[in-house]
Amino acid sequence: MDTRDKYKRYVNISMVEKVQPVVIERANGATITDTEGRNYIDCFSGIAVINAGHCNERVIEAAKAQMDKLVHCCSYVYHSQPTADLAEKLAYITPGRLQKSFFGNGGAEAIEGALRLAKQFTGKTELIALQASFHGRSYAALSITGNNARKRRGGPYMVGCTFLPAPYCYRCFYELEYPQCRLRCARALEDIIRFDTYDSVAAFIAEPILGEGGIITPPDDYFLEIEKILKKHEILSLIDEVQTGFCRTGKMFGIEHYGVEPDIMVMAKGIADGFPLSAFIAREEVADSFKPGDHLSTFGGNPVSCAASLANIEFMLESDLASQALEKGEFLKKELAKLAKRHKIMGEIRGKGLMVGIELVRDEQKTPASTEGNKIRDFCRESGLLPGLGGIYGNVLRIQPPLVIRNEELIEVVKILDSAFAQI
Ligand SMILES: Cc1ncc(COP(=O)(O)O)c(C=O)c1O
């Protein structure tokens, strides 16, 4: 039986429409190689994880060196050096007064802990999140996820979760135009608090750019408007940087584009270039509201993952990966804009840095071109390019390559996309 047959027989994959028919053997930089020796340009980074490139030498070396010394001790029963060093580094690179980190293994786990912390600190119990958002597959994370395609058949969910229309300008839920709308979608937060809650809101949760929702990119002044309302009502801002973090958007963290200071921030994916690790970080007084017994994780803060993460962050800072992502992203969007003049299917190109979405539409009414999206993805794969596809209508091509991708590779990406759009 080959790998694909074993997947069919022994791996539970019934929850995905299709596992891409590529058996990956190895990868380096932005190149993925399959078991037949065929190379692909990776434009999805294992869902926005491999920001510093596949098998980044410094990250791998650091992990190997740590493996020779200590793999696990439970970083909450004993002190582990890489865990402490990483926590110190995160306090340094995260915005504002964020200082104390708690480590877990994946995004959803960190979201769970962060929600608990917000409740603990405020003594309040409700949460407000965004429609079209995604925060993970655990119970609380799904409860605050604003998309029934992810929640169907899993309910009922946690009580006390309310949703605010997303800042989705291309398909404005209020059918208004920015900036004449004066951020109607942000101002609606006031009404939601007033009419949809029992006035016990602990936190407002948002992604700086809604990744799974379809790279939905809020206007520049969106979070400032939100912050004003949160401050007035003494509600914490909980920013989910799981997908936008670690240079992906052209800044170390996506929220830095918006000039606001989160109270709690959640990180995972790009934190350790592929090693499983997540964290939530908070100001000291917020973090310290956990009392003995309130939280823990057996594997969280694993020394190998933490050593890998430290090397990953050092690599990012030394190579100014954030600026690289910004420049490469601007170049990519400019080239894509040229294609859009010829391919009507490209409804909108959006995003920041190398978190780029192309919303595919069938006509002027913006009918989502989801079937076409799948065909384009297949064509790209056959041509040696692996993009992502997502969005609330499944019609957003996601271009989220390793940030070390070379310019020649980006030019090739654009060429393949051009051919893919042409054959639709
Ligand atoms: C913004 C955001 N939050 C949370 C998660 C959940 O992370 P994980 O799959 O590691 O649990 C994801 C995953 O895609 C995400 O994009």
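It should be emphasised that the depicted structure is a prediction, and the values quoted were computed from it without experimental measurement.

## Regarding the sheet that holds strand β1 (residues 24–28)
Part 1 of the argument: Sheet architecture is open: seven strands sit in the order β1-β2-β3-β13-β14-β12-β11, paired in mixed fashion. A strand with exactly one partner marks an edge of an open sheet, and here the two such strands are β1 and β11 (346–352). Here the strands of the sheet are splayed against their neighbours by 30 degrees on average, with no regard to which way each runs.
Part 2 of the argument: Note: strand β2 (residues 31–34) against strand β3 (residues 39–43), three bridges, orientation antiparallel. Bridge pairing links Thr 31 to Ile 41 in β3.
Part 3 of the argument: With respect to the sheet, helix α13 (residues 370–382) is in contact with β3, β12 (355–360), β13 (385–390) and β14 (396–399), its orientation differing from that of β13 by roughly 165 degrees.
Part 4 of the argument: Contacting β2, β3, β11, β12, β13 and β14, helix α14 (residues 407–422) crosses the sheet at an angle of about 90 degrees to β3.

## Re the sheet that holds strand β10 (residues 278–282)
To summarise the sheet geometry, strands pair through backbone hydrogen bonds and adopt either a parallel or an antiparallel arrangement.
Part 1 of the argument: What the seven strands build is an open sheet, ordered β4-β10-β9-β8-β7-β5-β6; its pairing is mixed. Across the chains shown, the open sheet's two edge strands, defined by having one partner strand only, are β4 (100–104) and β6 (161–164). Taking the axes of each pair of neighbouring strands and ignoring which way they run, one obtains an average angle of 20 degrees across the sheet.
Part 2 of the argument: Contacts from helix α8 (residues 184–196) reach β5 (126–130), β6 and β7 (201–206) within the one sheet, and its direction differs from that of β6 by about 150 degrees.

## Looking at the nonpolar core
Part 1 of the argument: Of all hydrophobic cores here, the largest spans 84 residues; its most connected members are Leu 90, Leu 164, Phe 204, Tyr 222, Phe 246, Leu 417 and Phe 421.
Part 2 of the argument: Residue contributions to this core peak at seven residues, all from α14.
Part 3 of the argument: The residues contacting Leu 417, other than those within four sequence positions of it, are Leu 336, Leu 339, Ile 358, Cys 380, Leu 385, Leu 397 and Ile 399.
Part 4 of the argument: Formed by 26 residues, the second largest nonpolar core is a distinct cluster that contains Leu 117, Cys 161, Ile 205 and Phe 290.

## Brief notes about the site of the ligand
Part 1 of the argument: Taken together, Gly 106, Gly 107, Ala 108, Phe 134, His 135, Gly 136, Glu 207, Glu 212, Asp 240, Val 242, Gln 243 and Lys 269 are the residues near the ligand.
Part 2 of the argument: A distance of 2.7 Å separates a nitrogen atom of the ligand from a polar atom in the side chain of Asp 240.
Part 3 of the argument: Its free accessible area being 390 Å², the ligand has 80% of it covered by the protein chains.
Part 4 of the argument: Across the shell around the ligand, the residue classes break down as three nonpolar, five polar and four charged.

## What about a nonpolar patch on the surface?
Part 1 of the argument: On the surface, Met 1, Tyr 7, Tyr 10, Val 11, Met 15, Val 16 and Val 19 cluster together to form a nonpolar patch covering roughly 710 Å² of accessible area.
Part 2 of the argument: Given the relative accessible area of 37%, Val 11 is considered partly exposed.

## Let's talk about the packing of aromatic side chains
Part 1 of the argument: Applying the stated criterion across every chain yields a total of eight aromatic pairs.
Part 2 of the argument: Here the aromatic rings of Phe 246 and Phe 253 are separated by 5.1 Å at their centres, their planes lie at 70 degrees, and the arrangement is edge-to-face. Pair check on accessibility: Phe 246 and Phe 253 agree, each one buried.
Part 3 of the argument: Note on Phe 280 and Phe 290: the rings are 6.3 Å apart at their centroids and 80 degrees apart in plane angle, and the pair reads as edge-to-face. Residue Phe 280 is located in strand β10, and its partner Phe 290 is located in the loop between α10 (284–287) and α11 (303–318); the two are separated by 10 residues in the primary sequence. Residues Phe 280 and Phe 290 agree in their burial class; the two are buried.
Part 4 of the argument: The rings of Tyr 76, Phe 102, Phe 280 and Phe 290 are connected pair by pair, giving a single aromatic cluster.
Part 5 of the argument: Above the ring of Tyr 157, the side-chain terminus of Lys 151 is found at 5.3 Å from the ring centroid.
Part 6 of the argument: Seen from the ring of Tyr 174, Arg 184 lies directly overhead, with NZ or CZ sitting 5.0 Å from the centre.

## Let's talk about the side chain of Gln 66
Part 1 of the argument: Position of Gln 66 among the secondary structure elements: in helix α3 (residues 57–69).
Part 2 of the argument: Here Gln 66 falls in the buried class, since its relative accessible area comes to 8%.
Part 3 of the argument: With residues up to four places along the chain from it excluded, the contact list for Gln 66 reads Pro 82, Pro 303, Val 304 and Ala 307.

## Some points on a positive patch on the surface
Part 1 of the argument: Together, Arg 137, Arg 150, Arg 152 and Arg 153 make up a positively charged patch on the protein surface.
Part 2 of the argument: Mapped onto the secondary structure, Arg 152 falls in the loop between α7 (148–151) and β6.
Part 3 of the argument: The exposure class assigned to Arg 152 is exposed, which follows from its relative accessible area of 52%.

## Some thoughts on the state of the cysteines
A covalent bond between the sulfur atoms of two cysteines is what we call a disulfide.
Part 1 of the argument: Summed over the entire model, instances satisfying the criterion amount to zero disulfides.
Part 2 of the argument: Summary of cysteine pairing: Cys 181 is not part of a disulfide, and the nearest cysteine sulfur, belonging to Cys 185, is at 6.3 Å.
Part 3 of the argument: No disulfide involves Cys 247; its sulfur sits 18 Å from that of Cys 43, the nearest cysteine.

## Notes on the environment of Asp 34
Part 1 of the argument: Positionally, Asp 34 belongs in strand β2.
Part 2 of the argument: As for Asp 34 and Glu 225, which are separated by 191 residues in sequence, their C-alpha atoms are 47 Å apart.

## As for the pattern of salt bridges
Part 1 of the argument: In total, this model carries 27 salt bridges according to the counting rule given.
Part 2 of the argument: When the shortest N-O distance is used, the salt bridge between Lys 333 and Glu 330 registers 3.5 Å. In this pair, Lys 333 and Glu 330 both sit in helix α12 (residues 321–342), three residues apart, roughly one turn of the helix.
Part 3 of the argument: Among the residues examined, Lys 333 registers a relative accessible area of 17% and is labelled buried.
Part 4 of the argument: Here the salt bridges share partners, and the residues they tie into one network are Lys 18, Asp 378, Arg 381 and Glu 382.

Cut-offs used in this document
- Residues numbered from 1 in each chain as written.
- Predicted model: local features only at pLDDT ≥ 70, side-chain atom pairs only at ≥ 80, totals over all residues.
- Heavy atoms only, no water.
- Pairing = 2+ DSSP bridges.
- Helix = DSSP H or I, 4+ residues; strand = E, 2+ residues; numbered from the N terminus.
- Axes fitted to C-alpha atoms, helices over the stretch in contact; angles between N-to-C directions.
- Contact = heavy atoms within 4.5 Å.
- Core = buried A, V, L, I, M, F, W, Y, C linked by side-chain atoms within 4.5 Å.
- Buried < 20%, exposed > 50% of the residue type's maximum accessible area, 1.4 Å probe, protein only.
- Near = heavy atom within 4 Å.
- Polar contact = N/O pair within 3.5 Å; in protein donor to acceptor, adjacent residues only side chain to side chain.
- Areas by Shrake-Rupley, 256 points an atom, 1.4 Å probe, with all protein chains shown as cover.
- Nonpolar A, V, L, I, M, F, W, Y, C, P; charged D, E, K, R; others polar.
- Patch = residues over 30% accessible without salt bridge, like charges linked within 9 Å, V, L, I, M, F, W, Y side chains within 5 Å.
- Salt bridge = Lys/Arg side-chain N within 4 Å of Asp/Glu carboxyl O.
- Phe/Tyr/Trp six-rings, centres within 6.5 Å; stacked < 30°, edge-to-face > 60°.
- Lys NZ or Arg CZ within 6 Å of the ring centre and 35° of its normal.
- Lys, Arg positive; Asp, Glu negative; His and termini not counted.
- Charge placed at Lys NZ, Arg CZ, Asp CG, Glu CD.
- Disulfide = S-S within 2.5 Å.

The quantities given are spatial measurements derived from coordinates; they are silent on function.
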